[in-house]
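An overview of the molecular structure
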There are 2 protein chains.
Amino acid sequence: MSLPRAKLTKNFPGCPVEATLSYLDGKWKGVILFHLMDGTLRFNELRRKLPAVTQRMLTKQLRELEGSGLVSRTVYPVVPPRVEYALTPLGDTLKPVIRALAAWGEEYVFCRPEGHELRDPSCAPAALQA
Amino acid sequence: MSLPRAKLTKNFPGCPVEATLSYLDGKWKGVILFHLMDGTLRFNELRRKLPAVTQRMLTKQLRELEGSGLVSRTVYPVVPPRVEYALTPLGDTLKPVIRALAAWGEEYVFCRPEGHELRDPSCAPAALQA
DNA sequence: CGGAATCCATGGAGATACTG
DNA sequence: CAGTATCTCCATGGATTCCG
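Residues numbered from 1 in each chain as written. Chains lettered and ligands numbered in written order. Predicted model: local features only at pLDDT ≥ 70, side-chain atom pairs only at ≥ 80, totals over all residues. Heavy atoms only, no water.

Chain A goes by Transcriptional regulator protein in an unreviewed UniProt entry, where it is assigned to Rhizobium gallicum bv. gallicum R602sp.

The following block contains the structure:
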């Protein structure tokens, strides 16, 4: 995707970090993208991988990711319904970013100090939840 | 910081991506960290760099970053008060992540499709705000 | 200068129930 | 299977005022 390069810096009126975070905003976008990095997933497959998320929220987050152009939604007109979610080409470009987020999380989540709470407790290994 | 490595994967009960995002959660953490990557800043210096953020929110976000162990707050007992914010060693480890977020934002923010809104309009160059 | 305190509007997000 | 539809509640965040 060789598109015109934006010239955003923190001195420019606009912050590229916040721009990217705006795509990951919301409670479950990160995990969803993380899982979709491995390939296409159906709605309930995704649900099973995110035990703590409600159906409503999963739908909502997926719709937002679709609206952002990061995720594609393919409906197969069969019974029972079959809907598949996958990363779009734009979504693919986020992979290095997701990997960077994952790498830091793996490395430093155990450093979590008293003051810091995880957004979703189920997002921490059992050893940390006590 | 060679600490015990967590073994979080998306198969493990806990997602390293969400863990990292939990540190960046909130409306202004990303930009704040981005600016602090260049060095120590005083409260009002930070304010000037983030025209759209209210005083209350800046304080709040800084307190949370402090609580998370990413940012240090140093008060100099002088009049007028002087308070300096800087990245902690843990905060420094986030630099590659912030850089990844910034790189993607610079590259793809112009791809922003109809469906996607930036969290803060002032976070986009004027050309995009129309 | 660098906040704290208060009030208030919005909507993000949970729980539950229903459907093509 | 893959969603809507409501109802509700609470946290987020804006605006404003006051303070050492």
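Following the structure, the description resumes.
Focus on the domain arrangement of chain A
Many analyses report the size of an interface as the accessible area lost when the parts associate. Residue and element names in this part refer to chain A. The domain architecture assigned to chain A consists of domain 1 (1-91) and domain 2 (94-130). Each partner contributes to the roughly 970 Å² buried at the junction of domain 1 and domain 2, and carbon and sulfur atoms together form 74% of this total. On the domain 1 side of the contact with domain 2, Leu24, Lys27 and Met37 bury the most area, a combined 41% of that side's loss. For the pair domain 1 and domain 2, the number of links is zero salt bridges. (Domains from an automatic or database assignment. Buried area = accessible area lost by both parts, 1.4 Å probe. Salt bridge = Lys/Arg side-chain N within 4 Å of Asp/Glu carboxyl O.)

Comments concerning the packing of helix H6 (residues 95-108) of chain A against helix H1 (residues 16-24) of chain B
For the pair H6(A) and H1(B), interaxial distance at closest approach is 7 Å and the crossing angle is 90 degrees. In terms of their interaxial angle, H6(A) and H1(B) are classed as roughly perpendicular. Where H6(A) abuts H1(B), its residues Ile98(A), Leu101(A), Ala102(A), Trp104(A), Gly105(A), Glu106(A) and Tyr108(A) lie against Pro16(B), Val17(B), Thr20(B), Leu21(B), Tyr23(B) and Leu24(B). Residue composition of the contact of H6(A) with H1(B), by class: ten nonpolar, two polar and one charged. (Axes fitted to C-alpha atoms, helices over the stretch in contact; angles between N-to-C directions. Helix = DSSP H or I, 4+ residues; strand = E, 2+ residues; numbered from the N terminus. Parallel < 35°, antiparallel > 145°, perpendicular 65-115°, else oblique. Contact = heavy atoms within 4.5 Å. Nonpolar A, V, L, I, M, F, W, Y, C, P; charged D, E, K, R; others polar.)

Let's talk about the pairing of strand E2 (residues 71-76) of chain A
Residues and elements named next belong to chain A. By the bridge criterion, six bridges tie E2 to strand E3 (residues 82-87) in an arrangement that is antiparallel. The residue of E3 that forms the bridge with Ser72 is Ala86. Between the antiparallel neighbours E2 and E3 lie five residues. (Pairing = 2+ DSSP bridges.)

Some points on the sheet that holds strand E1 (residues 41-42) of chain A
Residues and elements named next belong to chain A. Taking strand neighbours across the sheet as the criterion, the three strands line up as E1-E3-E2 in an open arrangement whose pairing is antiparallel. Taken across any chain shown, the strands that pair with only one partner, and hence form the sheet edges, are E1 and E2. The sheet contacts of helix H2 (residues 29-36) involve E1, E2 and E3, and relative to E3 the element is tilted by about 90 degrees. The strands touched by helix H4 (residues 55-67) are E2 and E3; relative to E2, the strand with the most contacts, the crossing angle is about 115 degrees.

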